[in-house]
Amino acid sequence: MKENVDILVKGEVILTMSDGTAPIPSGAVAIRGERITDIGTSEDLESRYSARTVIGGSGMAILPGFINTHTHAAMVYFRGMADDLPLKVWLEEHIWPAEARWLGKEFVRDATTLACLEMLRAGVTLYNDMYFYEDASAEAIRDAGIRAVLGAGILDFPTSSGKDADEYLKKAEIFINDWRDNDLVVPSVAPHAPYTCSPETYRKAISLAERYDLPVHTHLSETKWEVEEIRKQYGRTPIALLESEGLLTERMIAAHVVWPTAEEIGILAERGVSVSHCIESNLKLASGIAPVPAMLEQGVRVTFGTDGAASNNNLDIHGEMATAAKVHKAVTGDPTALDARTVLLMATRYGAEALGMGDKLGTIEKGKLADMILIDLRKPHLSPLYDIHSQIVYAASASDVDTVIVNGEILLKGGNHQRLSGEEVMERADYWKQRIVLGDQS
């Protein structure tokens, strides 16, 4: 007698992204509730399981959902507002003033909903966010069905969200207690950067994260300006400063890390700090190119982030993968640098591990949470198929994502979100655009 499951996902090939497992041709995944029950060939699973819903089939590649390890999701509403500028000018003269004027719970909830829709359509099932009014973001996530690690930004100066570090930390702890038992939302602690947070603020933030066993999310060594500014203030580079204060920890995921020294790469590896590589944002802002091959070689766990859409200008991990794989080959002069399978590991398993969720996510294995995507291979630009890793990294795009499953729920089917109305989401985006353009705060 066949065993009952909720969903049977069939594919031409499965990429489990687990160690020692080759792609599984004509494969299938059985899902019961929010968990993966079994994985194997379609013939085997169909003989043993009866599913209420069967999806996928020939021409579909099944793989873990992509993980965006650094973004500011609600900044999608500032997309294209201030382009072609260096980071310091972009932040201080455009983004921070816009945030001071417009940020609030309604803005963040609506903007995050747009970001969630964009990411899900691109195959992102989990993202790591640092922003303000994260309780509003959490509400949007709950409605959209995506998974997220949310960190309320902590700074030493006032914004519309708080007046000083202690107030940000107090609000962060309230957010942690309100949302830490949610299935889809994992709170984190997010000190912004060494140039906006003192070592004492970092110390308090890390203490809070340790108390609740949560990730720490920060920017680190993003630009030459940051490195020189911290050197002027403290006589050390940003990484050396945090190391000297005992603030580098394995629970930390550091965004960018464009300007580490060779010695500092070794320190990051020794301390277990993970890095979110945001190559498209770094290229666009002319911040530089992080030495990712050297980091990986020394044992640093490197993942992919998009940064916010105001500096990218999208939330598409496909673009990050393809750009990174090609740019690092050119920079190193080595066509074997950052091969396609490593790039896919960075976008899936390494991301889950960096966020402290490697035991639950990042690979397709029995017992893990059912977060996965189906990519439609029946496209001219994906034919013929020889190497599935190369095809996804070098040829696939966001529009090839057909189906997205998060926590055992089919959220995207045929490219269409099953909960959200794309038309309504974009109508809200246009509403906010008109308000911003007209300067109307009514």
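Here we summarise the structure given alongside this text. The model shown is predicted, which means the values in this text are computed figures rather than measured ones. Along each chain, residues carry numbers from 1 onward, in the same order as the chain's sequence is written. This being a predicted model, a pLDDT of at least 70 is required before a residue's local features are given, and a value of 80 or more before pairs of side-chain atoms are given or counted; all residues contribute to the totals for chains, interfaces and linings. Note: side-chain values were computed over all heavy atoms of the structure, leaving out hydrogens and water.

1. Notes on the pattern of salt bridges
Rules: In what follows, salt bridge is the name for a side-chain nitrogen of Lys or Arg lying within 4 Å of a carboxyl oxygen of Asp or Glu. Exposure classes here rest on a 1.4 Å probe applied to the protein chains alone. A residue is buried below 20% of its type maximum, exposed above 50%, and partly exposed in between. The helix count covers DSSP runs of H or I at least four residues long, the strand count covers runs of E at least two residues long, and both are numbered beginning at the N terminus.
Counted by the stated rule, this structure contains 31 salt bridges. The partner of Glu-167 in a salt bridge is Lys-163, and the shortest N-O contact between them spans 3.3 Å. By relative accessible area, Lys-163 is classed as exposed at 55%. For Glu-228, the salt bridge identified is with Arg-231, shortest N-O distance 3.8 Å. Here Glu-228 pairs with Arg-231, and both are found in helix 7 (residues 224–234), just three residues apart, close to one helical turn. We classify Arg-231 as partly exposed; its relative accessible area is 38%. A network of salt bridges, in which partner residues are shared, links Asp-19, Arg-301, Arg-349 and Glu-353.

2. Focus: the side chain of Thr-363
What counts, and what does not: As used in this structure description, the phrase polar contact means that two N or O atoms lie within 3.5 Å; if the pair is within protein, one of them must be able to donate a hydrogen and the other to accept it, and residues adjacent in sequence are counted only when both atoms belong to side chains.
Along the chain, the position of Thr-363 falls in the loop between helix 14 (349–354) and strand 13 (372–376). For Thr-363, a relative accessible area of 4% translates into the label buried. At 2.5 Å, the side chain of Thr-363 forms a polar contact with the side chain of Glu-365.

3. Observations concerning the packing of aromatic side chains
Heads up, the rule is: Put simply, two rings from Phe, Tyr or Trp (the six-membered ring, in Trp's case) pair if the centres are within 6.5 Å, and we call them stacked under 30 degrees between planes, edge-to-face over 60, tilted for the rest.
Across all of its chains, the model carries eight aromatic pairs by this definition. Ring geometry for Tyr-77 versus Phe-107: centroids 5.3 Å apart, planes at 85°, classification edge-to-face. With Tyr-77 in the loop between strand 5 (66–71) and helix 2 (87–102) and Phe-107 in helix 3 (residues 105–121), this pair connects stretches of sequence that are 30 residues apart. The exposure class of Phe-107 is buried, given its relative accessible area of 1%. Through a chain of ring-to-ring contacts, three or more aromatic side chains come together here, namely Tyr-77, Phe-78, Phe-107, Tyr-431 and Trp-432.

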